[in-house]
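# Reading the structure
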Amino acid sequence: RTLAASLAVAHPQTLAWIASFEMRGWDDADWQERALRQLDADFAAGANGVKVWKNIGMEFRDRSGRLVMIDDPKFDAIFAHVRERGLVLVGHQGEPHNCWLALADMTVNNDREYFRDHPQYHMYLHPELPSYQQQMAARDRMLERNPELRFMGAHMASLEWSVDELAHFLDAHPNAVVDLAARMGQVQYQSNQDRDKVRRFFIRYQDRLLYGTDLTQEAGAVAADIRREAHEVWIRDWNYLTSGATQRVPELDAPVRGLSLPRSVIRRIYS
């Protein structure tokens, strides 16, 4: 909190930050009270919203061993508090749809490589855990109980595999938006199959899409290397969204033609 708040003070025009809450002590009688106190301190320090992480639904268990899902009623007071403050709940539920597929059936190289190297997170190998459909259904039930909550679905709300499904989600939840972070490859996979449909989707939902990258800086990383990587990703995504040029991207083996979106749409997606 201290680092995020100080950066936001130093760069108020370009930086915002969101808080989260501790899941430790979930089974304690005062967990809600402590979580709300923590969030109030974060809000006072300038946080613009709250994020719930994918450990809810995929990893965190209560004292009895039950996996805690995002629609658990115990979260209702937390989400109501965010709504009453007029702030945003950022939700990262589940993983890419590819996570539940065999490696050979995955659509992008980065997912195939990641889950090959991290089989413990490859849900295709763990059918004892909730399915992709169960993860999405829990998120949707939570939103149905909180229709006035401003919600941003991280990583295209984990519906990155289908702009049709994402359109249904946005239509069903008028206060929801999504970011594009770390999912551009899945969008490009679809536009290689039907460019006009993907382009129409971006134009229709231009007010509901936010550009993002999900880049991270590891401890000990060289700042110049991070800056160079960020620039390469930014330019690659920018060219895809703004131009009709064909380019190579690391996520796909086939070249990708850009969407050549109107300037007004680009301005909305990036701001």
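Above: the structure in question.
As a starting point, this report considers the structure included with it. (Residues numbered from 1 in each chain as written. Predicted model: local features only at pLDDT ≥ 70, side-chain atom pairs only at ≥ 80, totals over all residues. Heavy atoms only, no water.)

### Let's talk about the pairing of strand β1 (residues 49-52)
Burial of the side chains of β1 extends over both faces: G49 and K51 are buried on one face and V50 and V52 on the other. As paired strands, β1 and strand β2 (residues 88-91) are joined by four bridges and run parallel to one another. Bridge assignment links G49 to a residue of β2, and that residue is V88. (Buried < 20%, exposed > 50% of the residue type's maximum accessible area, 1.4 Å probe, protein only. Helix = DSSP H or I, 4+ residues; strand = E, 2+ residues; numbered from the N terminus. Pairing = 2+ DSSP bridges.)

### Overview of helix α11 (residues 223-242)
Note on helix geometry: an α-helix contains 3.6 residues per turn, so any two residues three or four positions apart are oriented the same way. The terminal C-alpha atoms of α11 lie 28 Å apart, and with 20 residues this matches the ideal 28 Å at 1.5 Å per residue to within 8%. Considered for burial, the residues of α11 that qualify are V233, D237, Y240 and L241. Along the long axis of α11, the arc covered by the buried residues comes to 95°, so they all point the same way. Facing away from the buried side of α11 by over 90 degrees, the exposed positions are R227 and H231. Buried residues in α11 make contact with α9 (184-193), α10 (195-204), β6 (246-247), β7 (256-257) and α12 (263-270). (Expected span 1.5 Å × (residues − 1). Arc of directions from axis to C-beta. Contact = heavy atoms within 4.5 Å.)

### Digging into the sheet that holds β2
Spatial ordering of the open sheet is given by β1-β2-β3-β4-β5, a layout of five strands whose pairing is parallel. Single-partner strands in this sheet number two, and they are β1 and β5 (209-210). As paired strands, strand β3 (residues 150-153) and strand β4 (residues 176-179) are joined by three bridges and run parallel to one another. Paired with F151 across the two strands is A176, which belongs to β4. Of the strands in this sheet, β3 and β4 touch helix α8 (residues 163-172), which is tilted by about 145° from β4. (Axes fitted to C-alpha atoms, helices over the stretch in contact; angles between N-to-C directions.)

### As for the pattern of salt bridges
Scanning the entire structure with this criterion turns up 19 salt bridges. Among the salt bridges present, the one from D42 reaches R1, with a minimum N-O distance of 2.4 Å. Placement of the pair is D42 in helix α2 (residues 31-44) and R1 in the segment before α1 (2-10), with a sequence separation of 41 residues. According to the relative accessible area criterion, D42 is buried, its value standing at 4%. Residues D225 and R228 are paired through a salt bridge, measuring 2.5 Å at the closest nitrogen-oxygen approach. A residue pair is termed a helical-turn pair when its members lie 3 or 4 positions apart in one helix, as D225 and R228 do in helix α11 at three residues. Accessibility expressed as a relative area gives 37% for D225, which makes it partly exposed. According to the relative accessible area criterion, R228 is partly exposed, its value standing at 45%. The network of salt bridges with shared partners includes D28, D30, R34 and R63. (Salt bridge = Lys/Arg side-chain N within 4 Å of Asp/Glu carboxyl O.)

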